[in-house]
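# Analysis of the macromolecular model
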Amino acid sequence: MDVRDKLYINGAWTEPAGSGTLPVVNSATGEVMGSVPEGTAEDVERAVKAAAAAFPSWAATAPEERAKLLTRVQEELTARTEQIADLIAREVGMPRTLSKLVQAGLPIMTFAITAQQLTELRWEEQIGNSLVVREPAGVVGAITPWNYPLHQIALKVAPALAAGCTVVLKPSEVAPLNAFVLAEVLHEVGLPAGVFNLVTGVGPVVGEALASHPQVDMVSFTGSTRAGKRVMQLAAETVKRVALELGGKSPNVILPDADLQKAVPAGVQDCYLNSGQTCSALTRMIVPRSRLAEVEDLAVKAAESFTPGDPFDATTRLGPLVSEAQRSRVRSYIEQGVAEGAKLLTGGVEAPEGLDRGFFVRPTVFSEVRPDMTIAKEEIFGPVLAILPYDTEEEALAIANDTTYGLAGGVWSADPAHAEAFARRLRTGQVSINGGGFNPAAPFGGYKQSGIGREAGRFGLEEYLEVKALQR
Ligand code: NDP
């Protein structure tokens, strides 16, 4: 049992104001694996006060000094790779091998990339008679989800600290234990008191207190569009800076000349990463009607190779969903797909064979999905692929862009120039061309209701900077 009973505030592990605790559940077994304090508005108050008091001196440190500290964080996280990979494989359910690569690996990369960006940043520039200087935005409230828990924390904490901001973090109550490991690391590397603070608790209490606190200058949120809108409304009262990384229903357009043998299995794999619990997952495969039968065969074959199982079994490619709530949400989408007349090719609502505990869902593929169906419009966040046929390329583009979201996309064509031209017409923050790999230094974020702002690399760092013009 991993029991955490203190909050990290003002450089020390401190007693929470209340006595409530939140259980943390192992998603593969359904058993309680630990607990964290259920923080309150009073805890947020103490943490924000500490962050505000620490801000002036942290903001005044030299960027090189901050870059050195970030590199130390990277080293200490690297030393804890196995611990983090184990922990998140249990909290979230991602297969252990992938958890090491992604859940432990990406935060390490983010601290390294941010330290590098910090040394390259142009802090000052001359525009006419103005000296334009960049300054840290202030106290940052960071609210993060459970699907890539430490990665999403690192994408906020690393650039915020790099910019010279101080932070109060509220991680997801569903997968909060990894945040305690990061707090230990930040303490160990000697971050000054108050620069980083950790308050666990539930969104409507701790998250809302942060989003509405007058001394929080910026709130950076990752999670559902529903909660993101609430955060933005609350932040409006004090006109905070708001960064939102929200949901997606990303299209993967397979053009008629594409190599289906490559495109379809790669598309299925992308959709199923982390059991489909990925905001940028390519969940709508948009394919030429003339090749639909071929696509269906390949998709079923690919999907059925994702046998659900124990995340700690080295052969497992599909772990459980994170929670009972998430499983029942995903199952109800599968039911809705069937009810609205989509063609269920494989998978379904029944529990996978031999898995009578944990939050497992069968890898599921629907075909003949129409753009007006619920499973084509709403983020499912499970291993559920929707295949939508098109007749012309213009129709494919219209279907791809016919969504309230705009986070990511994919395009496949035998002609790379044609694929790139098509990619430029997608209204999304990222597009993968012919399976182009994830780049942890590239700006990540959404158009439309997928969010505001960008995370990662130089663009992610700039989110945490104010710009001041000095006229001379
Ligand atoms: P939420 O958006 O509720 O959770 C994300 C974070 O926001 C958590 O820390 C949560 O707190 C917090 N939060 C919740 N409500 C508020 C609020 N009113 N004010 C401030 N913070 C709040 O996501 P869920 O966990 O409920 O997941 C639901 C769906 O959201 C998923 O099925 C998926 O579709 C989508 N989602 C998208 C993500 C993405 O990366 N784009 C990530 C996670 C979910 P708490 O700890 O109490 O949950």
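### Quick word on the sheet that holds strand E4 (residues 21–25)
As summarised here, the arrangement of the three strands in space is E1-E5-E4, forming an open sheet in which the pairing is mixed. The strands lining the two open edges of the sheet, one partner per strand, are strand E1 (2–3) and E4. Two elements, E4 and strand E5 (residues 32–37), share five bridges in a ladder whose sense is antiparallel. Bridge pairing links Val24 to Gly34 in E5. In the packing of helix H6 (residues 177–188) onto the sheet, the strands contacted are E1, E4 and E5, and the crossing angle to E5 comes to about 60°.

### Quick notes on unusual backbone geometry
The phi dihedral of Val239 is positive, around 45°, even though this residue is not glycine. The topology assignment puts Val239 in the loop between helix H8 (225–236) and strand E12 (241–245). Accessibility expressed as a relative area gives 72% for Val239, which makes it exposed. We note that Lys448 has phi near 50°; this positive angle belongs to a residue other than glycine. Looking at where Lys448 falls in the secondary structure, it is placed in the loop between strand E19 (432–433) and strand E20 (451–452). Using a relative accessible area of 38% as the deciding quantity, one classes Lys448 as partly exposed.

### Quick word on the pairing of E4
Because side chains alternate across E4, one face comprises the buried residues Leu22 and Val24, and the other comprises Thr21, Pro23 and Val25, none of which is buried. Adjacent in sequence and paired antiparallel, E4 and E5 are bridged by six residues, among which Gly30 carries a positive phi angle near 80°.

### Quick word on the sheet that holds strand E13 (residues 250–254)
If you trace the seven strands from one edge of the open sheet to the other, you get E15-E16-E17-E14-E13-E18-E19, paired in mixed fashion. Two strands in the sheet have a free side with no partner beyond their single neighbour: strand E15 (343–346) and E19. In terms of strand pairing, strand E18 (residues 410–412) meets E19 through two bridges, oriented parallel. Following the sheet pairing, Gly410 is matched in E19 by Ser432. Sitting on the sheet, helix H10 (residues 292–304) is in contact with strand E14 (282–288), E15, strand E16 (364–367) and strand E17 (384–390), with an inclination near 50° to E15. Together, E15, E16 and E17 form the strand contacts of helix H11 (residues 324–339), whose direction differs from that of E16 by roughly 25°.

### Section: the site of the ligand
Around the ligand sit 29 residues in total, of which Thr144, Trp146, Glu173, Gly203 and Ser224 are the nearest. Gln326 has a polar side-chain atom sitting 3.1 Å from an oxygen atom of the ligand. A distance of 3.0 Å separates an oxygen atom of the ligand from a polar side-chain atom of Arg329. Computed on the free molecule, the ligand has an accessible area of 850 Å², of which 91% lies beneath the protein chains in the complex. For the shell around the ligand, the secondary-structure elements that each account for two or more residues are helix H7 (203–212), strand E11 (218–222), H8 and H11. Of all the elements, H8 adds the most residues to the shell around the ligand, at four residues. Within the shell around the ligand, the residues separate by chemical class into 10 nonpolar, 12 polar and seven charged. Among the domains, domain 1 (2–246) and domain 2 (251–439) are the pair contributing at least three residues each to the shell around the ligand.

### Digging into the environment of Cys271
Checked against the element boundaries, Cys271 lands in helix H9 (residues 260–272). Under the relative-accessibility criterion, Cys271 is labelled buried at 0%. Residue contacts for Cys271: discarding those within four places in its chain leaves Gly276, Ala281, Leu282, Thr283, Val384 and Leu385.

### Notes on the packing of helix H2 (residues 63–79) against helix H4 (residues 96–120)
At a minimum axis distance of 9 Å, the contact between H2 and H4 shows a crossing angle of 165°. As judged from the angle between their axes, H2 and H4 are roughly antiparallel. In this structure, H2 crosses over H4, and the sense of that crossing is left-handed. On the side of H2, the interface is formed by Pro63, Arg66, Ala67, Leu70, Thr71, Val73, Gln74, Leu77 and Thr78, while H4 contributes Pro107, Ile108, Phe111, Ala112, Thr114, Ala115, Leu118 and Thr119. Classifying every residue of the contact of H2 with H4 gives 11 nonpolar, five polar and one charged.

### Observations concerning the domain arrangement of the protein
Entries for the protein in the domain assignment read domain 1 (2–246) and domain 2 (251–439). Once you take the C-alpha centre of each, domain 1 and domain 2 turn out to be 31 Å apart. Counting from both sides, the interface comprises 27 residues of domain 1 and, opposite them, 24 residues of domain 2. Carbon and sulfur atoms make up 63% of the area that domain 1 and domain 2 hide from each other, which totals about 2,000 Å². Summed over the shared surface of domain 1 and domain 2, the number is one salt bridge. Residue Arg357 is joined to Glu31 by a salt bridge in which the shortest nitrogen-to-oxygen separation is 3.3 Å.

How each quantity is defined
All chains use their own residue numbering, which begins from 1 and follows the written sequence. Local features in this predicted model are restricted to residues whose pLDDT is 70 or higher, and side-chain atom pairs enter the listing and the counts only when it is 80 or higher, whereas totals over whole chains, interfaces and linings include all residues. Note that water and hydrogens are dropped before the side-chain values are worked out from all heavy atoms of the structure. The pairing criterion for strands is at least two bridges between them, as found by DSSP. By the criteria applied, helices consist of DSSP H or I runs no shorter than four residues and strands consist of E runs no shorter than two, each listed in order from the N terminus. Here a residue-residue contact requires only that any non-hydrogen atoms of the pair lie within 4.5 Å. The convention used is that axes are lines fitted to C-alpha atoms, helices contributing only their stretch in contact, and that angles between N-to-C directions extend from 0 to 180 degrees. For every residue, the accessible area (1.4 Å probe, protein chains only) is compared with the maximum for its type, and the residue is labelled buried under 20%, exposed over 50%, or partly exposed between those bounds. Note on definitions. A residue lies near a molecule or strand when any single heavy atom of the residue is within 4 Å of it. Polar contacts here mean pairs of N or O atoms no more than 3.5 Å apart (in protein, one a potential hydrogen donor and the other a potential acceptor; neighbouring residues in sequence count only if both atoms are side-chain atoms). Residue exposure ignores everything except the shown protein chains as possible cover, and the areas themselves are Shrake-Rupley values with a 1.4 Å probe. Under the grouping applied here, Gly and all other residues not named as nonpolar or charged are polar, the nonpolar ones being Ala, Val, Leu, Ile, Met, Phe, Trp, Tyr, Cys and Pro and the charged ones Asp, Glu, Lys and Arg. For every domain, the bounds stem from an assignment made automatically or drawn from a database. Orientation is classified from the angle alone, with under 35 degrees giving roughly parallel, over 145 giving roughly antiparallel, 65 to 115 giving roughly perpendicular, and any other angle giving oblique. It is the rotation of the near helix from the far one that decides the hand of a crossing: anticlockwise by less than a right angle makes it left-handed, clockwise makes it right-handed. Two parts placed together each lose some accessible area under a 1.4 Å probe, and adding up what both lose gives the buried area. Salt-bridge detection follows one rule: a side-chain nitrogen of Lys or Arg within 4 Å of a carboxyl oxygen of Asp or Glu.

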